[in-house]
Amino acid sequence: AVTRTFSIIKPDATRRNLTGAVTKMLEDAGLRVVASKRIHMTREQAEGFYAVHKERPFFGELVEFMTSGPVVVQVLEGEDAVKRNRDVMGATNPKDAEDGTIRKTFAESIEANSVHGSDSEENARIEIDYFFKPEEIVG
Ligand code: CMP
């Protein structure tokens with residue numbers, strides 16, 4: 001089925017002017033950008049977005065990194081979008097990511113790993129709602 005997922009192009013990628021290159025890889029993987037905006041997340045926004053990781057040792061650094069520069073938040077649509085996006089992103093740690101994936105191609109480290117993508121359809125809905133109003137999504 002055609003579904004939606006949520007994506008973030010992270011500060012390490014925007015800093016290196018890779019917004020277009022990352023988006024091209026998403027599009028080439030069969031995903032369509034149906035909403036997109038460049039934002040600089042506040043600390044509160046990043047803490048809320050990553051609340052599930054609050055108890056992790058890397059939480060503070062993660063919030064620091066995600067607020068260190070602009071990000072591009074996107075809604076992606078396509079056949080089985082969550083899985084399709086996760087496949088093209090590659091493993092969280094670029095050292096483990098397959099050739100041809102976004103993280104293998106561009107990521108600097110497990111933290112500066114260029115992209116985020118929802119891990120389930122339920123989380124995709126929650127994450128899309130966190131950043132987008134319905135009228136900002138144009139399918
Ligand atoms: P993301 O998909 O955005 O969700 C949580 C993020 O935490 C993850 O991508 C990584 O960038 C980051 N992360 C996961 N594990 C670690 C770690 N061990 N050290 C630092 N950052 C991490």
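Residues numbered from 1 in each chain as written. Predicted model: local features only at pLDDT ≥ 70, side-chain atom pairs only at ≥ 80, totals over all residues. Heavy atoms only, no water.

*Asks:* Please explain the pattern of salt bridges as it appears in this structure.
*Replies:* Side-chain pairs of opposite charge can arise whenever the charged atoms involved come near each other. Under the criterion given, the structure shown has ten salt bridges. Residues Arg-15 and Glu-108 are paired through a salt bridge, measuring 3.4 Å at the closest nitrogen-oxygen approach. Of the two residues, Arg-15 is situated in helix 1 (residues 11-15) and Glu-108 in the loop between helix 6 (102-106) and strand 4 (115-117); the sequence distance between them amounts to 93 residues. By relative accessible area, Arg-15 is classed as exposed at 56%. A salt bridge links Lys-83 to Asp-87; the nearest nitrogen and oxygen atoms lie 2.7 Å apart. Residue Lys-83 and its partner Asp-87 are both found in helix 5 (residues 81-89); the two are separated by four residues, about one turn of the helix. Judged by relative accessible area, Asp-87 falls into the partly exposed class, the value being 45%. A cluster of three or more residues bridged by salt bridges with shared partners is formed by Asp-12, Arg-15, Arg-16 and Glu-108. (Salt bridge = Lys/Arg side-chain N within 4 Å of Asp/Glu carboxyl O. Helix = DSSP H or I, 4+ residues; strand = E, 2+ residues; numbered from the N terminus. Buried < 20%, exposed > 50% of the residue type's maximum accessible area, 1.4 Å probe, protein only.)

*Asks:* I tried to follow the UniProt feature "binding site: ATP" (unreviewed entry) in the protein chain on my own but got confused; where do I start?
*Replies:* Those places that UniProt annotates as "binding site: ATP" (unreviewed entry) correspond, in this numbering, to Lys-10, Phe-58, Arg-86, Thr-92, Arg-103 and Asn-113. Residues from the annotated list that form part of the lining of the largest pocket: Lys-10, Phe-58, Arg-86, Thr-92, Arg-103 and Asn-113. Locating Phe-58 in the fold gives a position in the loop between helix 3 (43-49) and helix 4 (59-66). On the accessibility criterion, Phe-58 (36% relative accessible area) is partly exposed. Residue placement: Thr-92 occurs in the loop between helix 5 and helix 6. Residues contacting Thr-92, with those up to four places away along its chain left out, are Arg-103, Ile-110 and Asn-113. (UniProt positions renumbered as here; feature names shortened; annotations may be inferred. 1 Å grid on protein atoms, 1.4 Å probe; cavity = no way out; pocket = protein on both sides within 12 Å on 5 of 7 lines; lining within 4 Å. Contact = heavy atoms within 4.5 Å.)

*Asks:* Got a minute to help me understand unusual backbone geometry in this structure?
*Replies:* With the exception of glycine, most residues fall at negative phi, and the peptide bonds are largely trans. One non-glycine residue, Asn-17, lies in the positive phi region at around 60°. Residue Asp-80 is not a glycine yet carries a positive backbone phi of 50°. Mapped onto the secondary structure, Asp-80 falls in the loop between strand 3 (71-79) and helix 5.

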